[in-house]
Structure formats: structure tokens, C-alpha cells
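Observations on the three-dimensional arrangement
If you want the building blocks of each chain, they are given just below.
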Amino acid sequence: QVQVVESGGGLVQAGRSLRLSCVVSGSIFSLNAMGWYRQAPGKQRELVADITSGGVTNYADSVKGRFTISRDNAKNTVDLQMNSLKPEDTAVYYCNVGNVVGHRYWGQGTQVTVSS
């Protein structure tokens with residue numbers, strides 16, 4: 001079994017920062033891409049940012065310049081540093097990881113609420 005556990009969500013005022021962390025454990029074959037998605041009420045889940053095992057990053061246009069994704073391959077962790085948060089960043093944030101044989105795993109999600 002593979003466990004994907006997120007932490008770090010919460011309630012913050014607009015303009016402040018939060019850092020999300022995700023730890024992957026269990027029968028991991030070999031992780032490839034790791035990323036963060038979010039889903040706001042009434043909206044589809046969307047990619048926020050992802051990062052390859054080699055460190056290549058990709059960001060949604062809405063978070064470029066404000067969010068930074070990073071990973072520690074030795075610890076099987078991926079973090080999302082979120083700065084200059086906006087009310088529209090309010091959502092449940094999910095960690096998603098994939099291995100080299102194509103399996104993908106989701107965490108249970110962590111709520112981020114940004115007040116204006």
C-alpha cells in the first residue's frame with residue numbers, strides 16, 4: 001500500500017503565506033512526477049504545480065511567481081510554498097504522485113482558506 005499524506009493547510013489572510021507538505025510512504029516502486037492539485041467548491045480539480053524527479057517544474061498561470069514547488073527525492077516529500085495568497089486560492093489542495101510504471105496516488109486533501 002502507498003500512503004500520501006498532506007499537511008500545512010489552514011486559514012490565512014490575503015497576502016500571507018502557507019507551506020504545504022506531502023509525504024509518500026509504503027510500497028513505492030520509484031516515484032516520477034509529484035504535484036499539487038486543487039479543487040474549489042463547484043469547480044473541477046486543477047493542476048497547481050508539478051515537478052519531475054529531475055527537478056523540472058510546471059505551474060498554472062494563476063500561481064506563477066507566487067507559488068514554489070520543491071521535492072526531496074531521498075525523503076519522498078514534495079512541498080508547495082504559497083506566497084501572496086489570494087481569496088481565489090481557497091480550495092482543497094491535493095498531493096498527487098506517480099511512479100515509473102504509471103501508477104498514480106492521491107492524498108486525502110488539505111483545506112486552504114484565504115480571507116479577504
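Everything that follows concerns the structure shown earlier in this document.
Notes on the structure in this doc start here.

Turning our attention to the packing of aromatic side chains. Summed over all chains, the structure comprises 2 aromatic pairs. Residues Tyr-37 and Trp-106 carry aromatic rings whose centres are separated by 5.0 Å and whose planes lie at 65° to one another, so their mutual orientation is edge-to-face. Residue Tyr-37 is located in strand β4 (residues 31-39), and its partner Trp-106 is located in strand β10 (residues 104-106); the two are separated by 69 residues in the primary sequence. Between the aromatic rings of Tyr-94 and Trp-106, the centroid separation amounts to 6.3 Å while the plane-to-plane angle is 85°, which identifies the pairing as edge-to-face. With Tyr-94 in strand β9 (residues 91-99) and Trp-106 in strand β10, the pair connects residues that are 12 residues apart, well separated along the chain. By relative accessible area, Tyr-94 is classed as buried at 14%. The rings of Tyr-37, Tyr-94 and Trp-106 are connected pair by pair, giving a single aromatic cluster.

Conventions used here
Residues numbered from 1 in each chain as written. Predicted model: local features only at pLDDT ≥ 70, side-chain atom pairs only at ≥ 80, totals over all residues. Heavy atoms only, no water. Phe/Tyr/Trp six-rings, centres within 6.5 Å; stacked < 30°, edge-to-face > 60°. Helix = DSSP H or I, 4+ residues; strand = E, 2+ residues; numbered from the N terminus. Buried < 20%, exposed > 50% of the residue type's maximum accessible area, 1.4 Å probe, protein only.

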